[in-house]
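# Residue-level structural notes
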Amino acid sequence: MDLFYLGIYQGLMIALPTLFLTFLLDLTSISYIYRLFKKRNGKELYINSFYMNIFNHCVLGTLSYTLFTYFFSSHIVKSNYMIIIETCLLLLIQSFGYYFAHILMHTPKLYFIHKFHHQYSDIVVPMAANAVSVYEYILAYMFPFILGIILIGPDRLSLRIAISVVSLANLCIHTPWLSDFSDRYIPDYLVKTSDHLEHHRFTLTKYAAPILNLDYLFKNLFKK
C-alpha cells in the first residue's frame, strides 16, 4: 500500500475507535448528559460537540497523521526496545507541549481558542474530551505530536501507541464517574480525573493533561 494511503488508513484506525470509545463512555455517563441537557443550551452544546469530535478526529487528526508520517516518520525496522523509548519520548513531548499550550490558551488574548471547551464547567461528559475548536485541536492536541514526529522521526507503531494512550487518558479525565477511582488509585504525579474536573470548574488551576501531572511535579520540584 502507498505510504500516503497507509497514513489515511492508520489515521482513521486511531480516530474511529476513539470515537466509538467516546460514545461508549457517554452511555455510561448518561445521568450527567441528562443533567447537561436540562441546562440552558445544553443540548446544543452536546450536538456541536458531537460534530466537532467527528471533524477533529476524522479530518484534522487523520490528515495531520497522514502528512507528517509521510514526510517525517522512520521507515527503518526498529526493535521493541526502540519502540518503547520512542513512545515514552512522544508522551513526554506531548505532556510538556500540551501543558504550555494550555496555559497560553488561558491568557486573555488567546482564550477565544479555548472558550468552546470551557462551556463544560460544572458538568463534564466524555464527549467534552475532544470538543474543542479547530484552533485548539491544532495548537494543543496535534502540534505536540507534530513536534515529536519532526524531532524524533518515530516508527509509525510508536506514534500510534502514544496517540492511543493520550486519547484514552484524555477520555478518562473527562469521565466524571471515574473521579473517585482516580483519587484512590492514580498517583499524584499522574493527572487524575478529579484534577481535570477541578480545572473545568475553576479554569485558572491545574493545567496539566492528560497523563503527566506537571503542576504537581513543578510544585514539588521548586518546593523549598
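The sections below set out a description of the structure shown in this document. Note that the coordinates shown come from a computational prediction; the quantities given were computed from them, not determined experimentally. One numbering rule holds for all chains: residues counted from 1, following each sequence as written. Residues qualify for local features only when their pLDDT is at least 70, as the model is predicted, and side-chain atom pairs are given and counted only at 80 or more; totals for whole chains, interfaces and linings, by contrast, use all residues. Side-chain numbers here rest on the full set of heavy atoms in the structure, without hydrogens or water.

## Regarding the packing of aromatic side chains
- Each Phe, Tyr or Trp ring (for Trp, its six-membered ring) is paired with any other whose centre lies within 6.5 Å, and the angle between the two planes then decides the class: stacked below 30 degrees, edge-to-face above 60, tilted in between. Counted under the stated rule, the structure contains 15 aromatic pairs.
- When the centroid spacing of 6.2 Å and the interplanar angle of 75° are considered together, the rings of Tyr98 and Tyr141 count as edge-to-face. Highlighted residues: Tyr98 in helix H4 (residues 80–105) and Tyr141 in helix H6 (residues 134–152), separated in sequence by 43 residues. Taken as a pair, Tyr98 and Tyr141 share a single burial class, namely buried. Numbering goes from the N terminus for both helices and strands, where a helix is a DSSP run of H or I of at least four residues and a strand is a run of E of at least two. Residue burial is assigned from relative accessible area. The probe radius is 1.4 Å, only protein chains are included, and a residue is buried under 20% of its type maximum, exposed over 50%, and partly exposed in between.

## Some words on the environment of Phe23
- Counting through the fold element by element, Phe23 comes out in helix H1 (residues 3–28).
- The spacing of Phe23 and Phe72 is 49 residues in sequence and 32 Å in space, taken between C-alpha atoms.

## Observations regarding a nonpolar patch on the surface
- A surface patch of nonpolar side chains, about 630 Å² in accessible area, is lined by Leu3, Leu63, Leu67, Tyr70, Phe71, Phe72 and Ile150.
- Position of Tyr70 among the secondary structure elements: in helix H3 (residues 42–72).
- Look at Tyr70 and you get partly exposed, because its relative accessible area is 35%. To count toward a patch, a residue needs a relative accessible area above 30% and no salt bridge. Like charges then connect within 9 Å, nonpolar side chains (Val, Leu, Ile, Met, Phe, Trp, Tyr) within 5 Å. All accessible-area figures derive from a Shrake-Rupley calculation using a 1.4 Å probe, and residue coverage is judged against the displayed protein chains alone. The term salt bridge refers to a side-chain nitrogen of Lys or Arg lying within 4 Å of a carboxyl oxygen of Asp or Glu.

## Concerning the pattern of salt bridges
- Taken as a whole, this structure holds five salt bridges when the rule is applied.
- Ionic pairing is found between Asp122 and Lys39, a salt bridge with its closest N-O pair at 2.8 Å. You can see Asp122 sitting in the loop between helix H5 (111–114) and H6 and its partner Lys39 sitting in the loop between helix H2 (30–38) and H3, a full 83 residues away along the chain.
- Judged by relative accessible area, Lys39 falls into the partly exposed class, the value being 33%.
- The partner of Lys206 in a salt bridge is Asp195, and the shortest N-O contact between them spans 3.1 Å. Of this pair, Lys206 sits in the loop between helix H9 (193–202) and helix H10 (214–221) while Asp195 sits in helix H9, and the two are 11 residues apart along the sequence.
- Residue classification places Lys206 among the partly exposed residues on the basis of a relative accessible area of 29%.
- One continuous salt-bridge network, built from bridges that share partners, spans Asp195, Glu198 and Lys206.

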